[in-house]
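For reference, the chains in residue letters:
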Amino acid sequence: MKSGISCFSTPSEQVARQHSGNFYAWMLNGVELYAALGNQFRLFNGRNAEWRPLVFETFPQAIACALAGTIVSARDKRTVRRALLEKSGLCSDTLTNIDWIDAALCALMADRFGHGGYRQHGDAVEGYIVVPD
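Note that this is a predicted model, so its numbers are computed, not measured.

Some details on the nonpolar core
Step number 1: In this structure, Phe 44, Leu 67, Leu 85, Met 109, Phe 113, Tyr 118 and Val 130 are the most contacted members of the largest nonpolar core, which totals 25 residues.
Step number 2: Contributing elements (two or more residues each) for this core: helix H3 (60-68), helix H4 (77-87), helix H5 (98-114) and strand E4 (127-132).
Step number 3: Contact partners of Tyr 118, with chain neighbours within four places excluded, come to Phe 44, Ala 49, Met 109, Phe 113, Val 130, Val 131, Pro 132 and Asp 133.

Written as structure tokens, this is what we have:
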């Protein structure tokens with residue numbers, strides 16, 4: 001948020017589980033994945049980027065803004081994110097929905113992270129989100 005990148009707040013786990021429409025299933029799945037990976041791999045703590053294997057958190061909108069070098073509108077995310085993948089040398093023809101496009105952005109971020117091309121946002125208490133440098 002300090003960087004001007006829009007994101008929406010997620011509710012507590014209790015509120016998410018009680019939501020009638022199951023809207024927050026993505027969040028609950030992420031919590032489970034994070035916990036499972038945390039049992040098998042070290043989590044990025046802001047200082048251990050050279051450790052392998054390592055798990056980190058990222059955010060597609062923040063990746064898009066970092067790659068574009070400016071704040072981009074989430075309203076046109078499919079078009080903007082696809083163009084950023086193409087500009088990075090990745091073919092996006094087979095990415096048929098926004099989830100696949102976002103997954104590709106996150107994979108691109110993982111590659112950048114592996115080569116030291118990242119910035120981190122956050123702190124040791126709340127955790128870190130990494131974006132391309």
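Examining the pattern of salt bridges
Step number 1: If you walk through the whole model with that rule in mind, you get three salt bridges.
Step number 2: A salt bridge links Glu 13 to Arg 17; the nearest nitrogen and oxygen atoms lie 2.9 Å apart. In this pair, Glu 13 and Arg 17 are both assigned in helix H1 (residues 13-18), four residues apart and thus about one turn of the helix distant.
Step number 3: A residue is classified by how much of its surface remains accessible, and Glu 13, at 41% relative accessible area, is partly exposed.
Step number 4: Assessed through its relative accessible area of 48%, Arg 17 is described here as partly exposed.
Step number 5: Of the charged contacts in the structure, one is a salt bridge between Asp 102 and Arg 81, with a shortest N-O distance of 2.7 Å. Placement of Asp 102 in helix H5 and of Arg 81 in helix H4 is noted, with a sequence separation of 21 residues between them.
Step number 6: On the basis of relative accessibility, which here comes to 14%, the residue Asp 102 falls in the buried class.
Step number 7: Residue Arg 81 is classed as buried on the basis of its relative accessible area of 4%.

Notes on H3
Step number 1: Counting buried positions over the nine residues of H3 gives eight, a clear majority of the element.
Step number 2: Of all the positions in H3, only Pro 60, Gln 61, Ala 62, Ile 63, Ala 64, Cys 65, Ala 66 and Leu 67 are classed as buried.
Step number 3: In this fold, the buried residues of H3 make contact with H4, H5, strand E3 (118-123) and E4.

What to know about the pairing of E4
Step number 1: Pairing of E3 with E4, which is carried by six bridges, proceeds in the antiparallel orientation. Looking at E4, one finds that Asp 123 is bridged to Gly 127.
Step number 2: Here E3 folds back onto E4, and the loop between the two strands holds three residues.

Notes on the environment of Ala 104
Step number 1: With respect to the element layout, Ala 104 can be found in helix H5.
Step number 2: Given a relative accessible area of 19%, Ala 104 falls into the buried group.
Step number 3: Not counting chain neighbours up to four residues away, the residues in contact with Ala 104 comprise Leu 85 and Leu 95.

So, the packing of aromatic side chains
Step number 1: Applying the stated rule across the entire model yields six aromatic pairs.
Step number 2: The interplanar angle of 85° and the centroid separation of 4.9 Å between the aromatic rings of Phe 23 and Tyr 24 together place this pair among those described as edge-to-face.
Step number 3: Given a relative accessible area of 16%, Tyr 24 falls into the buried group.
Step number 4: When the ring of Phe 44 is compared with that of Tyr 128, the centres are 5.7 Å apart and the planes differ by 65°; the resulting orientation is edge-to-face. Remark: Tyr 128 occurs in strand E4 and Phe 44 occurs in the loop between strand E1 (42-43) and strand E2 (54-55); sequence separation between them is 84 residues. Summarising the burial analysis for this pair, Phe 44 and Tyr 128 share the class buried.
Step number 5: Each member of the aromatic cluster is reached from another via a ring pair, and the members are Phe 44, Phe 56, Phe 113, Tyr 118 and Tyr 128.

About the thresholds
Residues numbered from 1 in each chain as written. Predicted model: local features only at pLDDT ≥ 70, side-chain atom pairs only at ≥ 80, totals over all residues. Heavy atoms only, no water. Core = buried A, V, L, I, M, F, W, Y, C linked by side-chain atoms within 4.5 Å. Buried < 20%, exposed > 50% of the residue type's maximum accessible area, 1.4 Å probe, protein only. Helix = DSSP H or I, 4+ residues; strand = E, 2+ residues; numbered from the N terminus. Contact = heavy atoms within 4.5 Å. Salt bridge = Lys/Arg side-chain N within 4 Å of Asp/Glu carboxyl O. Pairing = 2+ DSSP bridges. Phe/Tyr/Trp six-rings, centres within 6.5 Å; stacked < 30°, edge-to-face > 60°.

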